[in-house]
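Residue-level structure breakdown
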Amino acid sequence: MKVLAAMSGGVDSAVAAARAAEAGHEVVGVHMALSTSREARRTGSRGCCTVEDAEDARRAAERIGIPFYVWDLSADFHDLVVEDFLAEYAAGRTPNPCVRCNERIKFASLLERATLLGFDAVCTGHYASVRAEGPGGAASLHRSRDARKDQSYVLAVMGPEAAARSLFPLGEMEDKAAVRAEARERRLGVSTKPDSYDICFIPDGDTRGFLERSLGEAPGEVVDTEGAVLGHHRGTHGFTVGQRKGLGVQRPAEDGRPRYVVDVDPASRRVVIGASELLSTTELEATDLVTFEELEPGRAVSAQIRAHGEAVPARVASIPSEGEPLLRVHLEQPVRGVAAGQTLVLYDGDRVLAAATLERRTA
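The sections below set out a description of the structure shown in this document.

The subject of this paragraph is helix H7 (residues 176-185). If you check which residues of H7 are buried, you get Lys176, Val179, Arg180, Glu182 and Ala183. Seen end-on, H7 carries its buried residues on one side only, within an arc spanning 160°. The exposed set on the far side of H7, more than 90 degrees from its buried face, consists of Ala177 and Glu185. Here the buried face of H7 lies against helix H1 (11-22).

Structure below.
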């Protein structure tokens, strides 16, 4: 096939591109420039898509022996990922920007451009597997062999059509150590490069500071579940459900127990805090459903609400229908800290069934 390999400048995408080329595909490497600042620099494990990353990707492509280009997708990234991140926090929700980036940039903007240029598939260094095990032999998305590195959760929103045109050569790798060892064997200079973590467009890791600088101050009250004012804050966007630290409360709870954010209401500018048991729920509601195969009420599944969270046994209570836009899922055991805006991914074993965006918890 004619394959476009997305090369971030890290070891995973370099090895993935090398494997695709070795498999006999006609591979072209491309680095996506996502930062609007051309002077953005990398600081250890923080940040990505920097000048250094582009140069690392170029050297890896030269070593593999494939053509290489840099594509400026910074405008798309800012509009579809960064602005979405800010809007979601301003609305009192908790988004996952990696999910949005995979959905809207890597498997929408990038795939669209690849299609227009005649490529058959996009190759990335994600840890997941695509197999023809869906209904009628359709593409199905599976967890990677290395459970610790699995990225099927953040890829689930891509849907079966994009999955059918995606290659994930690292999905069956034993672990990250094996990937680095292969990079050394291939003499790829990125074999010891540290992984990126945190949110790539907040390289200093200060999410609250980034939100405050971007959204400004909107002072309000921190209250308990009865409405009593316990403190004040500079903006609801600095809080998320389940948060324990930085609540802006001076005196301890009467029972001496820790308090957590249990609700964020931007309209009233109130942050509600309470006991940990108020964070638990067994009922989820979600919208924007993306399915790899049809769901039916009553189906046993496992549900995951965080990228590195544990999937818990669950059952589909109801599916979206005319006049009812929500997917409802019942969890067999309580999960804490569920927040609107998070991504819900349903699995059958290691196979992704569906993804949706959580709206609220109901119990």
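From this point, the narrative continues.
Attention now goes to the pattern of salt bridges. Inspection of every chain in the model, using the stated rule, returns 35 salt bridges. For Asp84, the salt bridge is made with Arg104, and the minimal N-O distance between the two is 3.4 Å. With a gap of 20 residues between them, Asp84 in helix H3 (residues 74-90) and Arg104 in helix H4 (residues 97-116) connect regions that are remote in the sequence.

Counted under the stated rule, the structure contains six aromatic pairs. Plain terms: the ring middles of Phe77 and Phe201 are 5.9 Å apart, the flat faces sit at 70° to each other, and that makes the pair edge-to-face. Separated by 124 residues along the polypeptide, Phe77 in helix H3 and Phe201 in the loop between H7 and helix H8 (207-215) bring together distant segments of the chain. Residue classification places Phe201 among the buried positions, given a relative accessible area of 16%. Judged by centre distance (6.3 Å) and plane angle (50°), the ring pair of Phe85 and Phe210 falls under tilted. With a gap of 125 residues between them, Phe85 in helix H3 and Phe210 in helix H8 connect regions that are remote in the sequence.

Membership of the largest hydrophobic core comes to 45 residues, with the highest contact counts inside it found for Phe85 and Phe201. With seven residues, H4 is the single largest residue contributor to this core. In contact with Phe85, other than residues within four places in its own chain, are Pro95, Pro97, Ile199, Phe201, Ile202, Thr207, Phe210 and Leu211. Judged by nonpolar contacts, the second largest core, of 23 residues, contains Tyr127, Leu170, Leu188 and Val190.

A word on H4. The principal kink in H4, of about 25°, is found at Leu110. A distance of 3.0 Å separates the backbone nitrogen of Cys98 from a side-chain oxygen at the start of H4, and that oxygen is part of Asn96. Of the residues flanking the end of H4, it is Gly118, one or two places downstream, whose phi is positive at about 90°.

The rules behind each value
- Residues numbered from 1 in each chain as written.
- Predicted model: local features only at pLDDT ≥ 70, side-chain atom pairs only at ≥ 80, totals over all residues.
- Heavy atoms only, no water.
- Buried < 20%, exposed > 50% of the residue type's maximum accessible area, 1.4 Å probe, protein only.
- Helix = DSSP H or I, 4+ residues; strand = E, 2+ residues; numbered from the N terminus.
- Arc of directions from axis to C-beta.
- Contact = heavy atoms within 4.5 Å.
- Salt bridge = Lys/Arg side-chain N within 4 Å of Asp/Glu carboxyl O.
- Phe/Tyr/Trp six-rings, centres within 6.5 Å; stacked < 30°, edge-to-face > 60°.
- Core = buried A, V, L, I, M, F, W, Y, C linked by side-chain atoms within 4.5 Å.
- Bend = angle between axes of the 7 residues up to and from the residue.
- Polar contact = N/O pair within 3.5 Å; in protein donor to acceptor, adjacent residues only side chain to side chain.

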